[in-house]
Amino acid sequence: MTPVPRSAVVAYRDDGLLARSMGLLVVGQLPPLPPALVGAFVTGVLLVMGVASVDDVAVFAPAAALLLAGSGSSHRHDGRLDWLVPPILRLTEYGFVASIGFARSVPPLLIMALLGAMAFHHYDTVYRVRQHVYPPRWLPIAGLGWDGRMLVIAAGGLFGAVTADFWVLAVYLWGLFLWESLTSWLAVPRRAEVAGAAEPG
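Residues numbered from 1 in each chain as written. Predicted model: local features only at pLDDT ≥ 70, side-chain atom pairs only at ≥ 80, totals over all residues. Heavy atoms only, no water.

1. Details of the nonpolar core
Stated formally: In this text, buried Ala, Val, Leu, Ile, Met, Phe, Trp, Tyr and Cys residues form a nonpolar core when linked through side-chain atoms within 4.5 Å. Throughout this description, buried means an accessible area under 20% of the type-specific maximum (1.4 Å probe, protein chains only), exposed means over 50%, and partly exposed covers the range between. Each helix is a run of DSSP H or I of at least 4 residues and each strand a run of E of at least 2, with the numbering of both proceeding from the N terminus.
Counting residues in each nonpolar core, the largest one holds 36 residues, and the members touching the most others are Ile-100, Leu-114, Trp-146, Ile-153 and Phe-166. If you list the elements that add at least two residues to this core, you get α3 (33–48), α4 (61–66), α5 (85–103), α6 (108–130), α8 (145–158) and α9 (162–187).

2. Focus: α8
Within an α-helix, residues lying three or four positions from one another point in the same direction, as the helix has 3.6 residues per turn. To be explicit about the condition: Expected span of a helix, by definition, is 1.5 Å for each gap between consecutive residues, and there is one gap fewer than residues.
With 14 residues, α8 should reach 20 Å at 1.5 Å per residue; the first-to-last C-alpha distance of 20 Å fits that figure. Burial runs high along α8: 10 of the 14 residues are buried. For α8, the set of buried residues is Gly-145, Trp-146, Asp-147, Gly-148, Arg-149, Met-150, Ile-153, Ala-154, Gly-156 and Gly-157. Two residues or fewer past α8, Gly-160 is found with a positive phi of approximately 70°.

3. Side note on the packing of α5 against α6
Here is the rule we go by: To define axes, lines are fitted to C-alpha atoms, for helices over the stretch in contact only, and angles between the resulting N-to-C directions are given on a 0 to 180 degree scale. We call two directions roughly parallel when the angle between them is under 35 degrees, roughly antiparallel when it is over 145, roughly perpendicular when it lies between 65 and 115, and oblique otherwise. Note: crossing handedness is left-handed where the near helix turns anticlockwise from the far helix by less than a right angle, and right-handed where it turns clockwise. Any pair of residues with heavy atoms lying within 4.5 Å of one another is described as a contacting pair. As a working rule, the residues Ala, Val, Leu, Ile, Met, Phe, Trp, Tyr, Cys and Pro are called nonpolar, Asp, Glu, Lys and Arg charged, and the rest polar, with Gly in that last group.
It is at 9 Å that the axes of α5 and α6 come closest, and there the two elements cross at 165°. When the interaxial angle is binned, α5 and α6 end up roughly antiparallel. Remark: the crossing between α5 and α6 carries right-handed chirality. The residues of α6 that touch α5, namely those facing Arg-90, Glu-93, Tyr-94, Val-97, Ala-98, Gly-101 and Phe-102, are Pro-108, Ile-111, Leu-114, Leu-115, Met-118, Ala-119 and His-122. Looking at the contact of α5 with α6 residue by residue, the class counts come to 10 nonpolar, two polar and two charged.

4. What to know about α5
When the terminal C-alpha atoms of α5 are compared, their 27 Å separation across 19 residues agrees well with the 27 Å that a helix rising 1.5 Å per residue should span. Looking only at α5, the buried set comprises Val-85, Pro-86, Ile-88, Leu-89, Arg-90, Thr-92, Glu-93, Phe-96, Val-97, Ala-98, Ile-100 and Gly-101. At its buried positions, α5 is contacted by α1 (9–13), α3, α4, α6, α8 and α9. Positive phi shows up at Ser-105, right after α5, with a value of about 60°.

5. A few points about the pattern of salt bridges
Heads up, the condition is: The term salt bridge refers to a pairing of a side-chain nitrogen on Lys or Arg with a carboxyl oxygen on Asp or Glu at a separation within 4 Å.
In total, this model carries seven salt bridges according to the counting rule given. Close ionic contact of Glu-93 with Arg-149 constitutes a salt bridge, the shortest N to O distance being 2.6 Å. Remark: Arg-149 occurs in helix α8 and Glu-93 occurs in helix α5; sequence separation between them is 56 residues. Comparing Glu-93 with Arg-149, the two get one shared label, buried. What you see here is one network of salt bridges that share partners, running through Asp-14, Arg-90, Glu-93 and Arg-149.

6. Some details on the side chain of His-122
Note the threshold: As used in this structure description, the phrase polar contact means that two N or O atoms lie within 3.5 Å; if the pair is within protein, one of them must be able to donate a hydrogen and the other to accept it, and residues adjacent in sequence are counted only when both atoms belong to side chains.
Looking at where His-122 falls in the secondary structure, it is placed in helix α6. His-122 gets classed as buried once you look at its relative accessible area, which sits at 10%. Within the structure, His-122 has its side chain in polar contact with the side chain of Tyr-94 (distance 2.6 Å). Those residues in contact with His-122 that lie beyond four places of it in its chain are Asp-14, Arg-90, Glu-93, Tyr-94 and Arg-149.

7. A short note on the environment of Leu-37
Within the fold, Leu-37 resides in helix α3. On the accessibility criterion, Leu-37 (46% relative accessible area) is partly exposed. Sequence separation between Leu-37 and Leu-89 is 52 residues, and the spatial gap between their C-alpha atoms is 9.0 Å.

8. Looking at the packing of α8 against α9
Orientation of α8 relative to α9, taken along the N-to-C sense of each, is 155°, at an axis distance of 8 Å. Accordingly, the angle class assigned to the pair α8 and α9 is roughly antiparallel. For the crossing formed where α8 meets α9, the hand is right-handed. For the pair α8 and α9, contact is made by Arg-149, Val-152, Ile-153, Gly-156 and Gly-157 and by Val-162, Asp-165, Phe-166, Leu-169, Leu-173 and Phe-177, respectively. When the residues that make up the contact of α8 with α9 are grouped by side-chain class, the tally is seven nonpolar, two polar and two charged.

The following block contains the structure:
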């Protein structure tokens, strides 16, 4: 674990390798909120149009649209409304996963299992930041990031293996996030836990 940066909002983004690479291209000069809003809007429109049920490369369109948000990943996220970016990414990613799952007749419990793994990771990140610790930089990459997870699920839709895709992702992500969370919390000094618990709110 490393100290939380000046703007903890960056920790909540959960960017994968591709999103981080896109952010490096603009070296932090692009405010994060506009591309996140545009990407989420286009993704939502595509999902409403039924792209989640198609059997060709168009199934990648929602994930590709949200990748616009990756261009703001290297920004400091110190703007007045930049805190909105992580909730926008979460809502869009969860909506994409659910849309693909229900459109391809994935068992509802399996859809919930995958969404639960992602929600557990995101909640764990929020709680860590409250304790003044920061998840390791490798964790979002190992967890594929929101960008990687969406692309993997889209690939499952293209090749007609969505249910298998959900199984593999759910087992992998639950294993990774539970293991890393447990080992990291056990390594946190007691004084950090006490200091975080003493904070109001």
